[in-house]
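Chain by chain, the residues run as shown.
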Amino acid sequence: MKIDRERALKRKKIIFGSMFVISSLLIMIAVSFSWFYNGKTASVSGITVDVTPADNLMVKFSSDTDWQKKISLNFPNIPMQPVSGDGKEFFTAVIGRNSETEVKEVQGFEAIANTAEYGIFEADFSMVVENQNYLRLANTSYLTPSEGDIPYAYEGVDAGQICAAMRVAFMVKEEDEYRLRCIWIPNAQTEITPNGEGGLTVNESGSVEESYKFRSSAEEEPLLIETNGEHYGVTEVDGIRYVWGNLEEDLVICEMESNTPIELKLIIWLDGEDRECRNEMIGGQVVARFDFTVDEKESDTE
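All values reported here derive from a predicted model rather than from experimental measurement.

About the thresholds
- Residues numbered from 1 in each chain as written.
- Predicted model: local features only at pLDDT ≥ 70, side-chain atom pairs only at ≥ 80, totals over all residues.
- Heavy atoms only, no water.
- Salt bridge = Lys/Arg side-chain N within 4 Å of Asp/Glu carboxyl O.
- Helix = DSSP H or I, 4+ residues; strand = E, 2+ residues; numbered from the N terminus.
- Buried < 20%, exposed > 50% of the residue type's maximum accessible area, 1.4 Å probe, protein only.
- pLDDT = per-residue confidence, 0-100.
- Contact = heavy atoms within 4.5 Å.
- Phe/Tyr/Trp six-rings, centres within 6.5 Å; stacked < 30°, edge-to-face > 60°.
- Lys NZ or Arg CZ within 6 Å of the ring centre and 35° of its normal.
- Pairing = 2+ DSSP bridges.
- Polar contact = N/O pair within 3.5 Å; in protein donor to acceptor, adjacent residues only side chain to side chain.
- Core = buried A, V, L, I, M, F, W, Y, C linked by side-chain atoms within 4.5 Å.
- Axes fitted to C-alpha atoms, helices over the stretch in contact; angles between N-to-C directions.

Bringing the pattern of salt bridges into the picture now. Taken as a whole and judged by the stated rule, the model has 11 salt bridges. As a salt-bridge pair, Asp 124 and Lys 265 come within 2.6 Å of each other at their nearest N and O atoms. Linking Asp 124 in strand β10 (residues 121-129) with Lys 265 in strand β22 (residues 262-270), this pair joins segments that are 141 residues apart in sequence. For Asp 124, a relative accessible area of 30% translates into the label partly exposed. Taking the shortest distance from any N to any O, the salt bridge between Glu 273 and Arg 215 comes out at 3.0 Å. Highlighted residues: Glu 273 in the loop between β22 and β23 (285-295) and Arg 215 in the loop between β17 (211-214) and β18 (223-226), separated in sequence by 58 residues. Per residue, the accessibility class of Glu 273 equals that of Arg 215, and both read buried. One network of salt bridges, with partners in common, ties together Glu 122, Asp 124 and Lys 265.

Rendered as structure tokens:
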């Protein structure tokens, strides 16, 4: 299913660092209470990434040869479907009917071989800086519903709130292999609940999920990141930082040596096991901005 919409986005003022702007991310999603499948698909169209560097921070897509002050990427129209994963491995749910209740339910998971077929967004890029510094994701970064009058499948529901079910991962290449450094859940406080009248209530300052699942195997239990109900937090497991909520401080990605390029990978996916992954989000459109900055200070956790 494919829907084309025309839309103009306002250009944001550059504050500092280098900036990734996913300027138009159109999501069509068909899931209810995470994984309940109703036969429709998701579609993504019109993704653009613009990068503008600071004076001493240069960037390029890994396939390019020249360092530039600005690069862009047009993302192809592909389905975006709910998946489960850990930023490195991804899985789709096996849906079946309960033999006793006849209710559809998740009966297992299968590994995804081709992530592009499920709309998992990946972008490879490189950065270089003149002096040794720490590369950080700035706290001005966000992933939110886009602005504008956009029609949705369910009246009164801003389907752009599907961004609450999205995950963002950053990987750094080390010895010819990408290593996962952090996973960010930007909209932890967005809570969508039935209003008792056949509709939904969206509370952007609602309760945070008690835990988030990150699945690395189809057979084993997923890793649970406990939040204790806190609106913002950072937990490190096996060298990977798991961050939820609006960033209260800049988040260290990695250390950069002077004039030594590093290769990074940005991954965005729709998590089917998230509380806010629902049928009512069909037609959601979101906008994401990732600001990068550098400084000489070490991470508070190091």
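Residues of the protein with pLDDT of at least 70 account for 72%, and the chain-wide mean is 75. A low-confidence stretch, residues 1-55 (pLDDT under 50), is modelled with 198 contacts involving residues beyond four sequence positions or located in other chains.

So, on to the packing of aromatic side chains. Under the definition given, this model contains two aromatic pairs. When the centroid spacing of 5.0 Å and the interplanar angle of 70 degrees are considered together, the rings of Phe 90 and Trp 269 count as edge-to-face. Placement of Phe 90 in strand β8 (residues 90-97) and of Trp 269 in strand β22 is noted, with a sequence separation of 179 residues between them. Since its relative accessible area comes to 0%, Trp 269 is described here as buried. Geometrically, the ring pair formed by Phe 214 and Tyr 242 is tilted, given 4.9 Å between the ring centres and 50 degrees between the ring planes. On the criterion of sequence distance, the pair formed by Phe 214 in strand β17 and Tyr 242 in strand β20 (residues 240-244) is long-range, its members being 28 residues apart. A single burial state applies to Phe 214 and to Tyr 242, both of which are buried. Over the ring of Phe 109 we find Arg 215; its NZ or CZ atom is 3.8 Å from the centre of that ring. Geometry around Tyr 178 places Lys 265 over its ring, the cationic atom sitting 4.6 Å from the centre.

The subject of this paragraph is the sheet that holds strand β9 (residues 104-111). If you walk across this open sheet you meet the three strands as β7-β8-β9, and the pairing is antiparallel. Bordering the open sheet on either side are β7 (84-85) and β9, each of which pairs with just one other strand.

For the rest of this paragraph, the subject is the environment of Arg 181. Looking at where Arg 181 falls in the secondary structure, it is placed in strand β14 (residues 177-185). Judged by relative accessible area, Arg 181 falls into the buried class, the value being 18%. Separated by 61 residues in sequence, Arg 181 and Tyr 242 place their C-alpha atoms 8.9 Å apart. At 3.1 Å, the side chain of Arg 181 forms a polar contact with the backbone oxygen of Ile 253.

Moving on, we come to the nonpolar core. Grouped together as the largest cluster of nonpolar side chains are 42 residues, with contacts concentrated most on Met 127, Leu 135, Leu 137, Phe 170, Ile 253 and Phe 290. Taken together, the elements giving at least two residues each to this core come down to β5 (57-61), β10, β11 (133-137), β13 (166-174), β14, β21 (251-256), β22 and β23. Dropping the residues within four chain positions of it, Leu 135 is found in contact with Leu 57, Met 127, Leu 251, Val 252, Ile 253, Cys 254, Met 256, Ile 262, Leu 264, Phe 292, Thr 293 and Val 294.

We now examine the side chain of Gln 161. The topology assignment puts Gln 161 in the loop between β12 (142-145) and β13. Of the residues examined, Gln 161 reaches a relative accessible area of 3% and is grouped as buried. When near neighbours in sequence (up to four residues on either side) are disregarded, Gln 161 contacts Pro 145, Thr 190, Ile 192, Val 202, Glu 204 and Met 281.

Backbone geometry at Glu 175 places phi at a positive 55 degrees, although glycine is not the residue there. Along the chain, the position of Glu 175 falls in the loop between β13 and β14.

Within the secondary structure, Glu 130 is located in the loop between β10 and β11. Residue classification places Glu 130 among the partly exposed residues on the basis of a relative accessible area of 46%. In this structure, the C-alpha to C-alpha distance between Glu 130 and Glu 257, residues 127 residues apart in sequence, is 8.3 Å.

To continue, consider the sheet that holds β22. With respect to topology, seven strands assemble into an open sheet ordered β5-β10-β22-β13-β14-β20-β19, the strand pairing being mixed. At either margin of the open sheet sits one strand with a lone partner, and together these are β5 and β19 (233-237). Averaged over all neighbouring strand pairs, the angle between strand axes comes to 25 degrees, with direction disregarded.

Of all nine residues that make up β14, seven are buried, and the element is covered over most of its length. Connecting β13 to the next strand, β14, in antiparallel fashion are two residues, including Glu 175 with a positive phi near 55 degrees. With four bridges connecting them, β14 and β20 associate as parallel partners. The residue of β20 that forms the bridge with Ile 183 is Tyr 242.

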